[in-house]
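# Breakdown of the fold
What follows is the residue order along each chain.
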Amino acid sequence: MSDTAPGLETLDYRFAGYRPAGAFAPVLVGVVGSGNLEVLLEPVDSTECHVRIETSARGFGGIWAAVVEDFHSRHGLAGVRVSVHDMGATPAVVSLRLDQAVSALPGAAA
């Protein structure tokens, strides 16, 4: 039997941003479903990037931390709330969806 409690796990991360995203309409990419996830980017009045993950794959906090730290080191967003709703996506799919969302922001490199 597993020591991991059933239900969703919520993980929160905050990073000091160095790339202000500016004003933008919320961006939603992906679909929550078996083995996938959705990513929602929303503007916030802050110099930080706040990432909240709600996942059905409990007990993988270390892997999530590595994925979001890599995301922030590459994008450094400020003034953005990132919401991730996960149903067991792999780290590669998570990174793909995060990058896909960022590419939809105004002023993103093509």
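Our structure is the block above this text.
Residues numbered from 1 in each chain as written. Predicted model: local features only at pLDDT ≥ 70, side-chain atom pairs only at ≥ 80, totals over all residues. Heavy atoms only, no water.

Bringing helix α2 (residues 91-103) into the picture now. An ideal rise of 1.5 Å per residue puts 18 Å on 13 residues; α2 measures up with 18 Å between its terminal C-alpha atoms. Within α2 the residues assigned to the buried category are Val94, Ser95, Arg97, Leu98, Ala101 and Val102. Around the axis of α2, the buried residues are gathered within 165 degrees of arc, so they sit on the same side. Opposite the buried face of α2, at more than 90 degrees from it, the exposed residues are Ala92 and Leu96. On the buried face of α2, the contacting elements are β2 (19-20), β3 (27-30), β4 (37-43), α1 (61-75), β6 (77-78) and β7 (80-86). (Helix = DSSP H or I, 4+ residues; strand = E, 2+ residues; numbered from the N terminus. Expected span 1.5 Å × (residues − 1). Buried < 20%, exposed > 50% of the residue type's maximum accessible area, 1.4 Å probe, protein only. Arc of directions from axis to C-beta. Contact = heavy atoms within 4.5 Å.)

Mapped onto the secondary structure, Ser95 falls in helix α2. The class of Ser95 is buried, set by a relative accessible area of 18%. Leaving out residues up to four positions away in the same chain, Ser95 has contacts with Val67 and Arg74.

Tallying each qualifying case throughout the model produces five salt bridges. Two residues, Glu48 and Arg14, come together in a salt bridge whose shortest N-O distance is 3.4 Å. One end of the pair, Glu48, is in strand β5 (residues 48-55); the other, Arg14, is in strand β1 (residues 9-16), with 34 residues separating them in the sequence. Glu48 sits in the partly exposed class, given a relative accessible area of 29%. Among the ionic pairs, Arg81 bridges to Glu42, the shortest N-O distance being 3.2 Å. Placement of the pair is Arg81 in strand β7 and Glu42 in strand β4, with a sequence separation of 39 residues. Exposure remark for Glu42: the relative accessible area of 21% places this residue in the partly exposed category. (Salt bridge = Lys/Arg side-chain N within 4 Å of Asp/Glu carboxyl O.)

A word on the sheet that holds β5. Reading across from one edge, β1-β5-β7-β4-β3 is the order of the five strands in this open sheet, with mixed pairing throughout. Edge positions in the sheet fall to β1 and β3, since each has one partner strand and no second. Strand-to-strand, the axes of this sheet are offset by a mean angle of 15 degrees, without reference to chain direction. As paired strands, β5 and β7 are joined by seven bridges and run parallel to one another. When the sheet's bridge partners are listed, Cys49 is paired in β7 with Val80. Of the strands in this sheet, β3, β4 and β7 are in contact with α2, which crosses β4 at around 35 degrees. (Pairing = 2+ DSSP bridges. Axes fitted to C-alpha atoms, helices over the stretch in contact; angles between N-to-C directions.)

Tyr13, Val39, Leu41 and Val82 are the most contacted members of the largest nonpolar core, which totals 28 residues. Those elements giving two or more residues to this core turn out to be β1, β3, β4, β5, α1, β7 and α2. At five residues, the largest contribution of residues to this core is made by α1. In this structure Leu41 touches Phe24, Pro26, Val27, Val80, Arg81, Val82, Ala101, Val102 and Leu105, once residues within four positions along its chain are discounted. (Core = buried A, V, L, I, M, F, W, Y, C linked by side-chain atoms within 4.5 Å.)

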